[in-house]
Structure formats: structure tokens, C-alpha cells
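Take a look at the letters that make up each chain.
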Amino acid sequence: SYLATGPMISARQHAMELENRLHLNAFSKADGKSRPVGDTQVYGGAESGGFKQGSGQIDPSVDLSSQRYRIGIDQQLTSSVMGGALFTYGQSKTDFGGSTGEIKTNEISAVLYASKALSANTYINASFGMGTIDHSFRREIALDTTNLVSRSSPKGEYESFRIGGGAVYEVNGWRIGPSASFALENVTIDQFDENQGPSSMSFGKIDYSVQRLTAGLSLDQIASVGQWRGFGRLVHDWDLKSGDLEIKVGPDSATLAKFDIDRPGKTMWQATLGIMRPATDGSTLSFSVGFGGREGGGDTKTIGVNYRIEL
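So, here is what we can say about the structure in this document. (Residues numbered from 1 in each chain as written. Predicted model: local features only at pLDDT ≥ 70, side-chain atom pairs only at ≥ 80, totals over all residues. Heavy atoms only, no water.)

What follows concerns the pairing of strand β1 (residues 40-53). Sheet faces and side chains relate simply in a regular strand, where the side chains alternate between the two faces. Bridge count for β1 against strand β2 (residues 62-76) is 14 bridges, and the pairing is antiparallel. Each residue of the ladder has a partner; that of S48, found in β2, is Q67. (Pairing = 2+ DSSP bridges. Helix = DSSP H or I, 4+ residues; strand = E, 2+ residues; numbered from the N terminus.)

Within this structure, the stated rule accounts for three aromatic pairs. Summarising the aromatic geometry, the rings of W269 and F291 are spaced 6.0 Å apart at their centres and angled 80° between planes, so their arrangement reads as edge-to-face. Here F291 lies in strand β17 (residues 284-294) and W269 lies in strand β16 (residues 267-278), a separation of 22 residues in the sequence. Of the residues examined, W269 reaches a relative accessible area of 33% and is grouped as partly exposed. (Phe/Tyr/Trp six-rings, centres within 6.5 Å; stacked < 30°, edge-to-face > 60°. Buried < 20%, exposed > 50% of the residue type's maximum accessible area, 1.4 Å probe, protein only.)

Taken as a whole and assessed by the stated rule, the structure comprises 19 salt bridges. A salt bridge links K301 to D299, with the shortest nitrogen-to-oxygen separation between them at 3.0 Å. Three or more residues joined by partner-sharing salt bridges are found here, namely R21, K29, R35, D39, D74 and E310. (Salt bridge = Lys/Arg side-chain N within 4 Å of Asp/Glu carboxyl O.)

As a further point, take the layout of surface pockets. Put simply, the second largest pocket is a space of about 950 Å³. Considering the residues around the second largest pocket, the lining is formed by 47 residues, among which L24, N25, A26, S28 and R175 are closest to the centre. Partitioned by chemical class, the residues of the lining of the second largest pocket number 16 nonpolar, 17 polar and 14 charged. (1 Å grid on protein atoms, 1.4 Å probe; cavity = no way out; pocket = protein on both sides within 12 Å on 5 of 7 lines; lining within 4 Å. Points joined across faces, edges and corners; volume = space filled by probe spheres on them. Nonpolar A, V, L, I, M, F, W, Y, C, P; charged D, E, K, R; others polar.)

Mapping S152 onto the fold places it in strand β6 (residues 147-152). In this structure the C-alpha to C-alpha distance between S152 and S202, which are 50 residues apart in sequence, comes to 9.5 Å.

Here you go:
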């Protein structure tokens, strides 16, 4: 099941940069003044993360590490509308306890997004994203005298559509921003065959869909250009979709068996703390650390750096 759920965990864990560009703060330049029509900003960054979950009665422990590299661009289209695109390349590796296997993943994704300021304090936004997923999957069965190893290279796709909105208020030298969003996300893993061997198997297409409701809160310190300032983000997700995750053994044309697995992590939360420094040349450098968890166990950690320039 982690062929499908692993990329979803990683995508949500590293979603903070897109959330920042959908925020009302993205309508401002480094000096805090409003972006004029036509103003273009380019940004990029790198982030490393991890997810760990202990073993259950039948499930092995999980240790997932991930890296994300991204570059984006957006422009002030009108006095109240901003639009842009974000491109991401990601790698991850998932190790399963008890020497039962591992998954290595490469992901490429693109997101188009837009925000509209409804007033000086409120905004709405939307985004649409698509991506490709390439797995290298090793499954291992331990016997008394040997280990049976099967390998495969499943491929898949990721899609997302999100709408949201929020508000920003200034309180005692900080900008406080409550927000909410709703997203439809789907990971599809095409049917695949393991290499020929005594334990090799075929698996049917896997579809993992999420209807995600998210509540968030942002904190941004108000400071002069050239000074370091603090910021924080807190989000909590609820998966509103019901039904189990279905795993099919055998090709789609001749399914041998079906297994229903409880939907993983119906809720997930993530907190990010960081510092940023807007410079007089219009650039902004930021550093952040994040941590979180999800229902059913498991904790996440991230560390990242981002840089933005004004053209």
C-alpha cells in the first residue's frame, strides 16, 4: 500500500512552499509594499524530510526519507490577482522493518496556482497539479536458510485540485492568518509484474484518493527590511473520503484475490517554524524546520531552505 500512500505522505509533508505562495503575503514585495501589476518573482528551494512509523501486529515498521527540489515563478496579473507555476523534483526511500523490503521513488510534478485578494485582509485561491511517479520496489521473504527477493518497477501518476481562502490580521507586531482549504488528490499506480522467481507476483492497478479538508494558521513577524523575522505555520488535515484501500493480486484482466486495507492516516497535522530575511535588493532568504504526525501513529520531520528574488 505504501506504493500509493508513500507519495501522498511526502507530497503533504512538503506542501508548505505552495501554501506560502497562495497566502495574501505573496501579494507583497520584500519591503512590504504591494506588488505592482506585472511584478514577477522567482523562487526556489530544497527540503529534506522523514517519516517513521512503528510496527503493528502484522505490519512492519516504516522509515521514509525524502528530498524535494523546487523552482517557481509567479506574477501580479492585476491589482488583485496573482498567478504562477511551481515545478518540483522529489526523491524518497522507504525501508520496511524486518528486512521485508524497500521502495525507492522519483517524482516530477507541476502545479498551476492563482490567488485573488477580496479586500486588504481576505483572499481566495486555487491550484491544480499533476505529476509522474517512478518506483523501484524490492520485496523480501525471509526463510530459514535463505531470503526470496522479488523486484519490480511500478509507475504511477499524481493529481490534485485545491480551493481555499483565508484572512490576515495585524496583532502586536505579527500578522496572524487563519485559513481553510479543500483538496481532491489521487495517486494511481499502474498494474505491474515482479521479476520472475519463486516468490514473484503480479499486482493490479492501485487507486488511492483523498478528499482533504485543511484548517491552517500562519504567523509572520513584522520587521524592517534587512532584519531577520520569525514565522510559523500550523495545519491540520482531515480525509473526508470513506472506504478501504483495495489491493489486487494478479493482473487487472485476471485478478486472483483482493485485499481491503484500512485507509491510512485519516488525520494529519504539520507545524513549521522558521526565520527569513528580506534584503534591500528585493531578495528573501528563509530557513525552516517542521514536524508533525498522523492518526494511527507515525511522525514527520522536515528541514528546508528557500530563496526568492524579484525580477
